[in-house]
Amino acid sequence: MFIIPQQVQVISIENKEGKHIIIEAVSEKYEQLGYFSAAIKNDGMLQNIQSTSATKSDSLVQITIEGDLP
């Protein structure tokens with residue numbers, strides 16, 4: 001929770017396949033989503049992290065981050 005930047009809102013967290021986690025997040029700034037993704041990787045919260053290309057709708061940028069629990 002402490003690694004989520006103030007300007008990032010987590011929309012959903014799903015556990016679809018055992019240890020595989022999917023996180024959807026939005027922000028007004030691309031940079032904040034990049035920081036969030038990097039923080040998840042650097043803190044070792046998830047492994048094998050993949051993220052989708054960011055999509056912008058109105059003033060919000062959305063990204064999906066996928067990875068496996070250690």
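In the block above lies the structure referred to throughout.
Procedures and definitions
Residues numbered from 1 in each chain as written. Predicted model: local features only at pLDDT ≥ 70, side-chain atom pairs only at ≥ 80, totals over all residues. Heavy atoms only, no water. Helix = DSSP H or I, 4+ residues; strand = E, 2+ residues; numbered from the N terminus. Buried < 20%, exposed > 50% of the residue type's maximum accessible area, 1.4 Å probe, protein only. Contact = heavy atoms within 4.5 Å. Expected span 1.5 Å × (residues − 1). Arc of directions from axis to C-beta.

Caption draft 1: The arrangement of the side chain of Ser-37 in detail. Summarising the element assignment, Ser-37 is placed in helix α1 (residues 30-42). When its relative accessible area of 15% is taken as the criterion, Ser-37 is described as buried. Excluding residues that lie within four positions of it along the chain, Ser-37 makes contacts with Ile-49 and Ile-65.

Caption draft 2: Highlighting α1. Helix length check: α1 (13 residues) gives 18 Å between terminal C-alpha atoms against 18 Å at 1.5 Å per residue, within 8%. Within the span of α1, buried status applies to Leu-33, Phe-36, Ser-37, Ala-39 and Ile-40. In an axial view of α1, the angular spread of the buried residues amounts to 160°, which keeps them on one side of the axis. Residues of α1 that are exposed and angled more than 90 degrees away from the buried face: Glu-31, Tyr-35, Lys-41 and Asn-42. Among the structural elements, β1 (8-17), β2 (20-27), β3 (47-51) and β5 (60-68) are those in contact with the buried residues of α1. Of the residues one or two after α1, Gly-44 is the one with positive phi, at around 70°.

Caption draft 3: Summary view of the side chain of Thr-64. As for its placement among the helices and strands, Thr-64 is situated in strand β5. Leaving out residues up to four positions away in the same chain, Thr-64 has contacts with Ile-22, Ile-23, Glu-24, Gln-50, Ser-51 and Thr-52.

Caption draft 4: Region of interest: the environment of Val-8. Tracing the sequence through the fold places Val-8 in strand β1. Residue Val-8 is classed as buried on the basis of its relative accessible area of 8%. Taking the C-alpha atoms as reference points, Val-8 and Ile-23, 15 residues apart in sequence, are found 12 Å from one another. What Val-8 contacts, discounting residues up to four positions off in sequence, is Ala-25, Val-26, Ser-27, Gln-32, Leu-33 and Phe-36.

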